[in-house]
Amino acid sequence: MKLDESFYRKDALILAKDLLGKILVRKIDNHFIECKIVETESYIGPLDKGCHAYNNKRTKRTEVMFWRGGHAYIYMIYGMYYCLNIVAANKDEPQAVLIRGVEPLNEFEILKENRKIKSKHLKDLTNGPGKLCDALNITKELNGYDMVAKDELYIKDNHEKVEIVSAKRINIDYAEEYKDKLWRFYIKENPFVSKK
């Protein structure tokens with residue numbers, strides 16, 4: 001069952017943990033590719049120095065973060081990799097959850113074709129935010145996508161119980177005291193987590 005709007009209307013710290021174990025669905029050419037979310041990071045705009053919308057900074061790039069929860073916020077890093085974030089909370093409360101790692105459940109050949117890597121290890125397809133966007137063909141065109149109302153990119157429920165580990169976020173050394181917050185969450189011992 002697709003997650004509804006009420007699921008996303010919560011603090012990004014809570015949403016990041018609640019998303020673990022849920023199923024990210026990407027529709028490509030009538031194929032519904034399903035991946036279990038195994039790693040997330042929280043970003044809370046008003047106070048988080050690691051967040052694009054820190055201090056409620058509203059720009060063309062960050063605008064989607066100010067929308068109500070349940071939209072996709074997608075941006076490019078290092079000029080080559082896309083990152084998928086799920087907007088959290090309510091309108092005008094800029095918060096989002098970065099999806100850092102997913103475990104593919106089906107349609108492995110499509111994922112391999114999209115990634116074009118030599119590795120034979122399945123985990124190398126989606127164990128990082130840029131990798132999973134490549135594998136699932138998630139680009140800037142989906143920025144602002146309504147994951148509640150539409151069906152090309154959405155999340156559905158999964159009642160699996162997971163054991164959650166909290167850790168520091170990755171590659172945000174510029175965030176001063178916020179770089180040490182334990183705002184990264186992952187499923188314990190899952191091989192598709194980007195970094196243990």
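Residues numbered from 1 in each chain as written. Predicted model: local features only at pLDDT ≥ 70, side-chain atom pairs only at ≥ 80, totals over all residues. Heavy atoms only, no water.

Moving on: the environment of Glu-93. Note on placement: Glu-93 falls in the loop between strand 4 (81-87) and strand 5 (95-104). Not counting residues within four places of it along the chain, the set of residues in contact with Glu-93 comprises Met-65 and Ala-88. (Helix = DSSP H or I, 4+ residues; strand = E, 2+ residues; numbered from the N terminus. Contact = heavy atoms within 4.5 Å.)

Side chains of Lys-57, Lys-60, Arg-61 and Lys-140 sit close together on the surface and give a patch of like positive charge. Mapped onto the secondary structure, Arg-61 falls in the loop between strand 2 (31-44) and strand 3 (72-77). (Patch = residues over 30% accessible without salt bridge, like charges linked within 9 Å, V, L, I, M, F, W, Y side chains within 5 Å. Areas by Shrake-Rupley, 256 points an atom, 1.4 Å probe, with all protein chains shown as cover. Salt bridge = Lys/Arg side-chain N within 4 Å of Asp/Glu carboxyl O. Lys, Arg positive; Asp, Glu negative; His and termini not counted. Charge placed at Lys NZ, Arg CZ, Asp CG, Glu CD.)

This brings us to the nonpolar core. Among the nonpolar cores identified, the biggest contains 60 residues, and Leu-19, Leu-24, Leu-84, Leu-153 and Ile-155 are the most heavily contacted of them. In terms of residue count, strand 2 provides more of this core than any other element does, six residues in total. Beyond its immediate chain neighbours, meaning those up to four positions away, Leu-24 contacts Ile-33, Glu-34, Cys-35, Ile-37, Leu-84, Val-102, Leu-136, Met-147, Leu-153, Tyr-154 and Ile-155. (Core = buried A, V, L, I, M, F, W, Y, C linked by side-chain atoms within 4.5 Å. Buried < 20%, exposed > 50% of the residue type's maximum accessible area, 1.4 Å probe, protein only.)

Turning our attention to unusual backbone geometry. The phi angle at Lys-116 is positive, at roughly 50°, despite the residue not being glycine. According to the relative accessible area criterion, Lys-116 is exposed, its value standing at 63%. Look at Asn-171: it is not a glycine, yet its phi comes out positive at around 60°. Here Asn-171 is to be found in the loop between strand 7 (164-167) and strand 8 (184-187). We classify Asn-171 as exposed; its relative accessible area is 53%.

Within the secondary structure, Lys-150 is located in the loop between helix 4 (129-135) and strand 6 (153-156). You can call Lys-150 partly exposed: its relative accessible area is 43%. Sequence-wise, Lys-150 and Ala-12 are 138 residues apart; in three dimensions their C-alpha atoms are separated by 22 Å. Excluding its chain neighbours within four sequence positions, the residues that come into contact with Lys-150 are Lys-2 and Tyr-145.

Keep in mind that these numbers describe shape and distance, not what the molecule does.
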